[in-house]
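# Topology and contacts: notes
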Protein chains: 2
Amino acid sequence: MTTRWVYRFDEVDEAQTALNGDWDRVRGLLGGKGANLGDMTRIGVPVPPGFTVTSAACNAYSSSGGRLPDGVWDQVLEAMANIETQTGKTFGDPDDPLLVACRSGAKFSMPGMMDTVLDIGLNDDVVEGMIRATGNEHFVLDSYRRLIQMFGSVVLGVADEHFEAVLTASRDRAGVDEDSALSGDDLREVIAGFKAVVERRSSVPFPMDPQDQLRASIRAVFESWDGKRAKDYRRAAGIANDLGTAVNIVAMVFGNYGDDSATGVAMSRNATTGEPGLEGDFLVNAQGEDVVAGIRQTRRIAELADVMPDISAEFTDIAHRLETHYRDMQDMEFTVERGKLWILQTRDGKRTAPAAVRIAHDLVGDGIITREEAVARISPDHIESLLHPQFDTAAKAAATHIATGLNVSPGAAVGQIAFDPDLAVEWAEDGRDVILVRAETKPDDVHGMLAAVGILTSSGGRTSHAALVARQFGRPAVVGASELEINLGARLVVVGDRQLVEGDWVSLDGTTGEVFAGRVDTMAPDLDDPALSALLGWADEIRSLGVRANADEGSDAERARRLGAEGIGLCRTEHMFFGVDRLPVVQRMITAPTESLRNAAVAELLPFQRHDFAELFRAMDGLPVVIRLLDPPLHEFLPDRDGLQREIADLRIRLRSAPDLSTMEDLLEQLEAARVTLAQVDSRREANPMLGLRGVRLGMQYPEITRIQTRAIYEAAAEVAAEGVDAQPEVMIPLVCDPAELADQRAVIEAEAADVLAERDLEIPVVIGTMIEVPRAALVADDIAAIADFFSFGTNDLTQTTFGMSRDDAETSFLGDYLANGVFATNPFATLDAKGVGRLIETALTHGRAKKPRLTAGVCGEHGGDPASIALCNEYGLTYVSCSPFRVPVARLAAAHAELASRSVEIA
Amino acid sequence: MTTRWVYRFDEVDEAQTALNGDWDRVRGLLGGKGANLGDMTRIGVPVPPGFTVTSAACNAYSSSGGRLPDGVWDQVLEAMANIETQTGKTFGDPDDPLLVACRSGAKFSMPGMMDTVLDIGLNDDVVEGMIRATGNEHFVLDSYRRLIQMFGSVVLGVADEHFEAVLTASRDRAGVDEDSALSGDDLREVIAGFKAVVERRSSVPFPMDPQDQLRASIRAVFESWDGKRAKDYRRAAGIANDLGTAVNIVAMVFGNYGDDSATGVAMSRNATTGEPGLEGDFLVNAQGEDVVAGIRQTRRIAELADVMPDISAEFTDIAHRLETHYRDMQDMEFTVERGKLWILQTRDGKRTAPAAVRIAHDLVGDGIITREEAVARISPDHIESLLHPQFDTAAKAAATHIATGLNVSPGAAVGQIAFDPDLAVEWAEDGRDVILVRAETKPDDVHGMLAAVGILTSSGGRTSHAALVARQFGRPAVVGASELEINLGARLVVVGDRQLVEGDWVSLDGTTGEVFAGRVDTMAPDLDDPALSALLGWADEIRSLGVRANADEGSDAERARRLGAEGIGLCRTEHMFFGVDRLPVVQRMITAPTESLRNAAVAELLPFQRHDFAELFRAMDGLPVVIRLLDPPLHEFLPDRDGLQREIADLRIRLRSAPDLSTMEDLLEQLEAARVTLAQVDSRREANPMLGLRGVRLGMQYPEITRIQTRAIYEAAAEVAAEGVDAQPEVMIPLVCDPAELADQRAVIEAEAADVLAERDLEIPVVIGTMIEVPRAALVADDIAAIADFFSFGTNDLTQTTFGMSRDDAETSFLGDYLANGVFATNPFATLDAKGVGRLIETALTHGRAKKPRLTAGVCGEHGGDPASIALCNEYGLTYVSCSPFRVPVARLAAAHAELASRSVEIA
């Protein structure tokens, strides 16, 4: 039995039967394009006749060193004969010639990577016959010169520049600017020139035999699979090299035969907004390229009903059928040749994030896809881009567009131009919004990039340092905006005839790559979109992982709850200490020389804390609120050491020139006070504060702080209980590395809580848990679980200690290089490190739950809002993730995706 | 069958047979003292007749609520009859009375915790008979009053003070100072007084019936087992409460019957030096207490041969037999009663560290113990105390002793008195040796304790803060020296009639607790002792764990090799950078504005490094030398930031009052230079340098540093190879957290090494390994092992990152409290944390060796010199430990112990 190398589009059933009905394998054998053309033929959509030479033929061709396998050509000829029968035209017949296109089509789309030859079948004789038949000399001759050029370049490897040189010469001679203005005679001259180029450059003449053209084109497509460009692309995109490409041979149809012909492209829904209804463009009496090239003014697809009502109805019906068949919004190409509609291609349409949400939602309403599929089709990136600030549509339309670069990191950013990173840091510290503008960025610039609200470069690509760092650290960025001429010496940037100096305002849209002069208004993202709400609701039905928010204030907590948070996973109580009314009290607490003075200061903090906690409880009525006890090193609350030293130096200088005794006394007093404060700051200095006296170590040293925080929590609970609010506080102890620490602090908390609850006559459970944020806590998790009511993985610190890498230091020095050079594939502070940190989490959970099977365990580091990390959290069996309020919707979706992935549902 | 409650000393075989020959169970049943008395009896050593009431009787007594079990008393009477037969004396017979002692004796010694009653059998009648028989009225009456007092206090619970009051009154009346000066009449009066005290205070009269005395004494010993004092002791010493105590009834013998009687104590060898031969004291015609009390001038045991040649010969023979029997140096008590030698007790003798070494060594030579046993008997503490500086013996003898306290942390320390920790730090920074003198220490003092060379307190005990911290951090310390009166206000300390002011010199011996005024010369420990060398050689034969040294200089390496190191486990190359001739070059390297200037500075370092490495290779000819590439953050090599800021402030002030333009210009120039340096220092500042740009991260950023260090290593190897030295360098990369880092640096090293070896025409293996010192490295050890030739666990950093605890910060703040309060049982920086850090090491080894089964793996943190940690390293299957040169002998011994323990040999 000879191998079957060729399937006609109307034989797709046979291919599918041969492959046990497996459509994925059909796509592998026939390629995505060939399979879909066959599929459309099968369901009765008018597709021009044609056939596919299989990818198996390509692989056999490659492995034999470039020989068409036995039987391929015979089967091609047989299929060509069938097309002739179906079309009534004959390949190579000047009177009624069949022309075909030869297109590559692998299983996965590799846009622009592989080759196509159109209009195969034209030769000197056929051309004259077609001119007679169509009466359109220009069209036929132009098609012919295109065939020669495509064949020369794709099949024979002649560089395009040689053809362009001929065309340019011809235009010059004719004195015209456009090829379309060339006369028939000009084109005949071009054709002769092209033929000469082919013969001179490739040593073979352009073949006059259509069969020679076809065979050589098929071989050329096969060859292109192993071209360097295609290989590079596959390596980058992770596509296997042994898939091979199929080749599709399709009868050419022409939308430019006259006014009963047309061509167009259309989406089955609005790709920008997602609204239902066809959206697209068409041209009467035109070629497909004309619609795309924008040379002629296209007409909106709605007008097709006016021009060709029957065709319009038929196309609308087909679009609906295709959408239902492929269960997604379709992007279609069509041609009307002499009153007959042909569909040339259909594929799932690209769309904006809002459209993706609307379409997925509506397809559920139309009964086309399930809720799970809808959720699976929305990517976290979609939600994320909906969460980024966007430019106000009207403001952006009115703004002065000055340049466009690569949209490498999404979001809108508005700030003042700074040309160097140190200035960016300085201005940022002054509270100014800065856009860092550089020719390109280097590792030395990272501190400035982090300080900036947006990054703009004049060179560099999608994998440039600027792009990588911006994406990693979430800064909107446009790179490679080559219109910008940066003059660092003069501290200005020239764009066209415009000059911007350092400090000028500029706006950039990292989602689109656009750059605007001045300040363009941004708008908060629209999170109340009903389609989005519905989708997130479906995501909630699917997911098993809980989603809480990190929030320290009532307003944050309210926002988090509106965005779907199921509780507070982390309230950082120290944030409450930085308020202007509180900081002096905190400083008195820290510097108190005696325990009783310290207790007095601590007591003053009680009402503040109680008030803050009460706000959180009100916002989270009926939901858990995890409150972490004081965590940071105390010196963070004290005045800046450098500032104090400068103050002392200044006072010493002023003292030298004090005009009188009273001024001198005054200065001496200030000097003494500054020196005392400096001594206090110095006494708390640490070599590595991250690893010093903080977290539970503070509570061990100053149990009065633990007591007052506990008192504030339960007094607040009692206060809101009187208002009918159901407060569910959970007290969390940070930085524990040994169960003895937890046992000590647990005893302090339990005693104080019992006192308060007795005083206030309230009965609520006292829930006490711990952070797992140093490796040892994970390693002794069984012993810790015996004492803890819950775990919360502080993955920021756990990552720092597991890697031995301070985030503050790494991100401003070597981490950028590590990411740019591929030493690290991802930033471990952005995406959970599965190999290291993840193993510790698994260890801790396994051991902790061996001791306490129903142990609640969450993640409250920044990883809680990162989709890839959320997938790991789901896999590890964590109870919940906690993230910043704005990322709660992303987390809800990502958690649903993680669940769907575990059920082997394909995720967008 | 009635239970057997009583065993005579000559029935010890029956006890052993009943317990299946298990001597340990015999010791349990009869107590340590009873078992040994029986054992001596069995081997023919003259022990006074006696018997043991079992600990089982004690337990039955306790559990029945204080009733002597049936049969006990009958069996006691039967055994007493046997003693009467053996001695020919009769219990209660005034003409020839048998007197007995009743002594407690549990399985484990509980010195001073339980009770003894001597001279049981005396009463008014017997006393008179004995006076007639002995003619020594004072002796007999004094014995009687002692019996009444002991019986009253031990059995009847009468407080001693009542008896003392009677004695005092009697002495006052007689006008004498000492009891021994009381006349017979005086004593009769005292006896009457004692009887009255007993009757008044206990409501029962002192029993005249010897059997009543005996029964009550036995019961009292049983009761004492459950006394509060004994229970507290057992809890502290970890002795089980259900062991019970046995009671030994022994015929009294008297060394004060006349000139043919004597008493003494002796060791079978010299307990101070370990030299062979008896060492001890005796007195003719005296009681045991007289020898100990030091009232009379004792005679050296050698003189016994002059006084009683036969007794001396017999005792020498017995001592030898006992030593051979018990296989260790013996501490014996003996009494000669009327020309007859009795051994009253023998036990293993306490000894100094040098004696322990000498004795263990000699016992092997004498064929008494095996080499393994000798090694097992030497504790790491013995070696360690031999390694501490000691006071020169002559200097110490001549020194002015001013006080004695508790010897809580060994070693000699000489320094200037500082009364507060801040001053101690200040002086220490000035290079002065400081002794911190405090009433007691608190956590706030820890920084001063660490800065001091020794610690001295006037109060506090063995578990005081000062003691714990001093031991943990290895500072010699004497605490609770209550003779000191510290006057903080006047900054002086009064000792007797001497005043010492702050800054005065003082010397303390933490090994003995002695304190001396002034500077007492110390001497380096004697490590060339042949016994020690032999023992350590035997340890080497036993151990399987290798021992290397951490050394950065040739002289250190030579010393390490002399002390038995089998290679260098860690050479810290940065130590080579701090030399005065090198630091400026290093600073130029760090602050170089361009790569070529940096390369130039780097090249200047090459000869320095090459020279240092060559020295190491020479010292370690034929042994491996592990060289760690540059590790610390570069700013450590730059000038101190505070100093620069002070300099700038000073320059600004001087500028204001500059007398002329040229001075001003000069100052401005200096100011500018200081500011540039400050900016450079600032640009390298890090929030947490421990976790910042250091280790392999430096090499990744500046591969030229890796290259130059590699070049220096292999050029040095070539240089010494020309001298015939076999250099075995192993290059070690620090702080790796991901295999990609190692792969990158490995490529750099391999390329440079290949260049050098080709240039120099040398062929040696290029061995490249990595530190495992952050948790992630341990977690991904399999991937790292694929690239590393060896692992070295940097347990200092691994402990810091696993606990999330900076050693610098912890040890000066909360760690002292954690240890004092028992939150941590041990300092994890001193002894490897088995639960956390140890698990990471095990994980790394398991995974690393799964990938590379013969992977060499060592430990090079300070734990490498700690015996408990070494035991863990042996258990984990590490290849070697590496420690400071002086600790190499400790490590050799500890490694042998670890091996012996794994063979279940009992370790000292």
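Just above sits the structure.
Keep in mind that what you see is a predicted model, and the values were worked out from it rather than measured.

Moving on, we get to the relation of the copies chain A and chain B. Placing chain A over chain B gives an RMSD of 0.4 Å and needs a rotation angle of 179°, together with 0.0 Å of translation along the axis. Given the turn and translation reported, the copies of this chain are related as if by a two-fold rotation axis. Judged by C-alpha distance, asparagine 688 of chain A is the residue of chain A that lies nearest the rotation axis, at 2.0 Å. When you check the interface residues of chain A against chain B, 100% turn up at the interface there too, and the contact is symmetric in its surfaces.

The next point concerns the sheet that holds strand S28 (residues 624-628) of chain A. Residue and element names in this part refer to chain A. Ordered by their spatial adjacency, 8 strands build a closed barrel running S26-S27-S28-S29-S30-S31-S32-S33, and the pairing between neighbours is parallel. Recorded for the sheet is a direction-independent mean angle of 30° between the axes of neighbouring strands. Note that strand S31 (residues 790-793) and strand S32 (residues 856-859) share 4 bridges and pair parallel. What sits directly across from serine 792, in S32, is glycine 858. Strands S28, strand S29 (728-733) and strand S30 (767-772) of the sheet are contacted by helix H28 (residues 703-721), whose axis makes an angle of about 170° with S29.

This part covers the pattern of salt bridges. Residues and elements named next belong to chain B. Under the defined criterion, the tally for this structure stands at 130 salt bridges over all chains. Taking the shortest distance from any N to any O, the salt bridge between arginine 173 and glutamate 189 comes out at 2.5 Å. One end of the pair, arginine 173, is in helix H7 (residues 160-174); the other, glutamate 189, is in helix H8 (residues 184-202), with 16 residues separating them in the sequence. Of the charged contacts, one joins aspartate 540 and arginine 543 as a salt bridge, the two residues approaching to 2.8 Å between their closest N and O atoms. Residue arginine 543 is classed as buried on the basis of its relative accessible area, which comes to 8%. Through salt bridges with shared partners, one network takes in Arg610, Glu615, Arg618, Arg711, Glu715, Glu719, Glu723, Glu752, Glu759 and Arg760.

With that settled, consider the environment of aspartate 445 of chain A. Residue and element names in this part refer to chain A. Relative to the helices and strands, aspartate 445 is located in the loop between strand S17 (434-438) and helix H19 (446-451). Look at aspartate 445 and you get buried, because its relative accessible area is 3%. Linking aspartate 445 and histidine 138, residues 307 residues apart in sequence, is a C-alpha distance of 57 Å. Those residues in contact with aspartate 445 that lie beyond four places of it in its chain are Pro421, Leu436, Arg438 and Glu440.

The rules behind these values
Residues numbered from 1 in each chain as written. Chains lettered and ligands numbered in written order. Predicted model: local features only at pLDDT ≥ 70, side-chain atom pairs only at ≥ 80, totals over all residues. Heavy atoms only, no water. Least-squares fit on C-alpha atoms with pLDDT ≥ 70 in both. Contact = heavy atoms within 4.5 Å. Pairing = 2+ DSSP bridges. Helix = DSSP H or I, 4+ residues; strand = E, 2+ residues; numbered from the N terminus. Axes fitted to C-alpha atoms, helices over the stretch in contact; angles between N-to-C directions. Salt bridge = Lys/Arg side-chain N within 4 Å of Asp/Glu carboxyl O. Buried < 20%, exposed > 50% of the residue type's maximum accessible area, 1.4 Å probe, protein only.

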